[in-house]
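# Descriptive analysis of the structure
The chain contents come next:
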Amino acid sequence: MARSNFLAHLATIVDVDNVLSDPQVRAGFETDWTGRFQGQAMAVVRPRTHDEVIAVVQLCIAENIAIVPQGGNTGLVGGSVPLRGGIVLTTALLDSIEPIHNNTVRVGAGATLGDLQRHCAAVGLRFSVDLAARDSATLGGMFATNASGLNHLRFGAMRENTNSVDAVYGTGESVKNATVDPLCGSEGIFGIVTSLELQLHNLPVETSVMIASFASVENAVTASLSWRNNPRVEALELFTNDGMSLVCESYALSPPLPSAEAYLLVEILGDESEFAQLLAATNRVLDTVIANSVADKVKLWRYREDHSAAINTLGPPLKFDVRIPPQNCAAFLQATTRALTDINPTLRVINFGHIGDGHLHVNIVGSATTDLIESCVYDNVTAHGGSAVSEHGVGTLKVDRFVEESGATKIEALKAMKSRFDPFGIMNPGVLANVRL
Ligand SMILES: Cc1cc2nc3c(=O)[nH]c(=O)nc-3n(C[C@H](O)[C@H](O)[C@H](O)COP(=O)(O)OP(=O)(O)OC[C@H]3O[C@@H](n4cnc5c(N)ncnc54)[C@H](O)[C@@H]3O)c2cc1C
């Protein structure tokens, strides 16, 4: 079928307004959040219902056209853009949020986390997976990457907070109220999630936020190792002086504390007296600033949450999202930063992350050969007992690392699932293990 016939056929399924083929309109769907990954789609298609998704998949099977599922396009590993052509299937119009029932809620895959948070907060509940891209990231995209984020320490990732899903596999087969596997974390290579039933928790009566400063990353990590064991700690984040200065410069913010080498941001259940126990457990804290009004808590969180956007203002960064055993995080960060600046002293290396779980983000801006930087970071990941694949997933960026870390048995199992759920190889080709049948 010629391209124009294919697009006309799509328009009979989803309505002509929901087949976007104008290059300028497509552009935002073709480039990822970092600006580093860019592809070209035949069209961007916006189905409005589960049945429309089935019909689009069946047409693409018949015409052998690849489908790239896309939610908020905030993924950072090159998995959500059409690097190998085909169509982008955006879940933007599958954005329903149903009334809450027995502390559970059914949402369309394209509902954003931020909209869900507001829906739940109005009745004293919350969805416990949270991340800084909340106003764009969708629940379907978060499920597809098994996102974890800021509250992982206490509540786990998407897998632990999702009860069931509706989806359409690459076979065109529809499933309703299915179990979370095999789709959770499959990054769109088996099928498209159209809706999810999510588990909710009570909103805490009160939480307080503190930023504490430290003379070194090592001191901050040492404090985090004891603080992470306190069951009232909801979030525990690390960042450094470089990141703090960049956020302050980028958004004209005043630093909340005198400058120091490293900072921990802690959110704890209860009022500020809860911090006394944390502070008593270490003598390494230099200064603290504490907030318990909603507005002040948001202000303190900005110093951490604005890191990614501030780094992007310097140009497309090389981003590494890695998982390191918590006790090795200080040594990993020191060794990696030193090795990177040995390659090129002008490289800007900005480290931050969810230190409570050892999910670290190493961001590098400046000129140096990508291969050299990659092997420098990944050699240090291996030397410190870590994994190159962490909460952002694999996408196209980390296929080789994923295959290497997984081993032959896991990759064979993935291939078997691929031939079961996507026998025609149309779902998100090149992503995850780049499984070819
Ligand atoms: C500022 C910022 C902060 C972030 N913080 C975190 C964090 O703390 N923790 C974390 O885990 N991630 C974080 N991320 C990464 C990103 O937000 C997550 O990966 C998120 O889960 C992606 O959701 P999305 O809707 O944008 O998905 P997209 O980027 O659109 O897609 C991501 C992947 O999922 C697939 N996909 C999307 N929707 C579907 C669907 N309905 N069915 C099947 N496959 C689908 C895509 O094909 C792609 O492979 C952050 C990103 C930014 C920009």
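Residues numbered from 1 in each chain as written. Predicted model: local features only at pLDDT ≥ 70, side-chain atom pairs only at ≥ 80, totals over all residues. Heavy atoms only, no water.

Let's shift gears to helix H16 (residues 408-421). In this model, H16 (14 residues) spans 20 Å end to end at C-alpha, consistent with the 20 Å of a helix rising 1.5 Å per residue. Close packing links the buried residues of H16 with strand E7 (162-169) and helix H15 (399-406). (Helix = DSSP H or I, 4+ residues; strand = E, 2+ residues; numbered from the N terminus. Expected span 1.5 Å × (residues − 1). Contact = heavy atoms within 4.5 Å.)

Let's shift gears to the site of the ligand. Around the ligand, the structure places 36 residues, and the nearest of them are Pro 69, Gly 71, Thr 74, Gly 75 and Thr 138. Burial of the ligand by the protein amounts to 97% of the accessible area it has alone, namely 970 Å². Mapped onto the shell around the ligand, the elements with two or more residues apiece are strand E3 (67-70), helix H5 (139-144) and strand E9 (191-199). When residues in the shell around the ligand are grouped by element, the largest group, 4 residues, is from H5. (Near = heavy atom within 4 Å. Areas by Shrake-Rupley, 256 points an atom, 1.4 Å probe, with all protein chains shown as cover.)

Across a sheet, paired strands are connected by hydrogen bonds in the backbone, their directions being either parallel or antiparallel. The strand order across the open sheet built from 4 strands is E1-E2-E4-E3, with neighbouring strands paired in mixed fashion. Each having just a single partner strand, strand E1 (19-20) and E3 make up the two edges of the open sheet. With 2 bridges joining them, E1 and strand E2 (residues 43-45) adopt antiparallel strand pairing. Note that in E2 the partner of Leu 20 across the bridge is Val 44. Of the strands in this sheet, E2, E3 and strand E4 (87-90) touch helix H3 (residues 50-63), which is tilted by about 170° from E4. (Pairing = 2+ DSSP bridges. Axes fitted to C-alpha atoms, helices over the stretch in contact; angles between N-to-C directions.)

In this section: the domain arrangement of the protein chain. On domain assignment, one finds that the protein chain holds domain 1 (3-90), domain 2 (104-202) and domain 3 (207-383). Contact with domain 1, which involves 12 residues of that partner, is made by 17 residues of domain 2. Buried area between domain 1 and domain 2, summed over both chains or domains, comes out near 1000 Å², and the portion from carbon and sulfur atoms is 74%. Taken together, the connections running from domain 1 to domain 2 amount to 0 salt bridges. Seen at the junction of domain 1 and domain 2, the total is 2 residue pairs in polar contact (both at pLDDT 80 or more). For the side of domain 1 that touches domain 2, the secondary-structure elements that each account for two or more residues are H3 and E3. Here the element with the most residues in the side of domain 1 that touches domain 2 is H3; it accounts for 6 residues. Its residues assigned to classes, the side of domain 1 that touches domain 2 comprises 7 nonpolar, 5 polar and no charged. (Domains from an automatic or database assignment. Buried area = accessible area lost by both parts, 1.4 Å probe. Salt bridge = Lys/Arg side-chain N within 4 Å of Asp/Glu carboxyl O. Polar contact = N/O pair within 3.5 Å; in protein donor to acceptor, adjacent residues only side chain to side chain. Nonpolar A, V, L, I, M, F, W, Y, C, P; charged D, E, K, R; others polar.)

Here we have 4 strands laid out as an open sheet, ordered E5-E9-E7-E8, and antiparallel in their pairing. Edge positions in the sheet fall to strand E5 (104-108) and strand E8 (174-178), since each of these pairs with one other strand and no more. Put simply, the sheet's adjacent strands are angled 15° from each other on average, direction ignored. Here 5 bridges tie E5 to E9, and the two strands are oriented antiparallel to one another. Pairing of Val 105 across the sheet is with Leu 198, part of E9. Of the strands in this sheet, E7, E8 and E9 touch H3, which is tilted by about 40° from E7.

Now for unusual backbone geometry. For the bond running from Asp 181 to Pro 182, omega is 15°, close enough to zero to count as cis. Within the secondary structure, Pro 182 sits in the loop between E8 and E9. For Asn 64, which is not glycine, the phi torsion reads 55° and is therefore positive. Among the secondary structure elements, Asn 64 is positioned in the loop between H3 and E3. Accessibility expressed as a relative area gives 58% for Asn 64, which makes it exposed. Even without glycine at this site, Asn 428 takes up a positive phi of about 45°. One can find Asn 428 in the segment after H16. (Buried < 20%, exposed > 50% of the residue type's maximum accessible area, 1.4 Å probe, protein only.)

Of all hydrophobic cores here, the largest spans 41 residues; its most connected members are Phe 127, Leu 139, Met 142, Phe 143, Met 158, Leu 196 and Leu 198. Not counting residues within four places of it along the chain, the set of residues in contact with Met 158 comprises Phe 127, Val 129, Leu 139, Met 142, Phe 143, Asn 146, Ala 147 and Leu 198. Counting 38 residues, the second-largest nonpolar core is a separate cluster that includes Ala 223, Val 322, Cys 329 and Phe 332. (Core = buried A, V, L, I, M, F, W, Y, C linked by side-chain atoms within 4.5 Å.)

Glancing now at the environment of Ala 111. Structurally, the position occupied by Ala 111 is in the loop between E5 and helix H4 (113-121). Residue contacts for Ala 111: discarding those within four places in its chain leaves Leu 94, Asp 95, Ser 96, Ile 97, Ala 137, Thr 138 and Leu 139.

H16 packs onto H15 with a crossing angle of 115° between their chain directions and a minimal axis gap of 6 Å. Along its contact with H15, which presents Phe 402, Val 403 and Ser 406, the element H16 presents Ala 408, Lys 410, Ile 411 and Leu 414. For the contact of H15 with H16, the per-class residue count stands at 5 nonpolar, 1 polar and 1 charged.

The next thing to look at is the pairing of strand E16 (residues 348-354). Burial analysis of E16 places 6 of its 7 residues in the buried class, which makes it a mostly covered element. One ladder, built from 7 bridges, connects E16 with strand E17 (residues 359-365); its direction is antiparallel. Looking at the pairing, His 354 lines up with His 359 of E17. Between the end of E16 and the start of E17, which pair antiparallel, lie 4 residues, with Gly 358 showing a positive phi angle near 75°.

So, on to the packing of aromatic side chains. Per the counting criterion, the structure on display carries 5 aromatic pairs. An angle of 50° between the planes, with centres 5.7 Å apart, marks the rings of Phe 190 and Phe 421 as tilted. One end of the pair, Phe 190, is in the loop between E8 and E9; the other, Phe 421, is in helix H16, and 231 residues separate them in sequence. Of the two residues examined, Phe 190 and Phe 421, each falls in the buried class. Both rings, one in Phe 214 and one in Trp 227, keep their centres 6.2 Å apart while their planes meet at 55°; by these two values the pair is tilted. (Phe/Tyr/Trp six-rings, centres within 6.5 Å; stacked < 30°, edge-to-face > 60°.)

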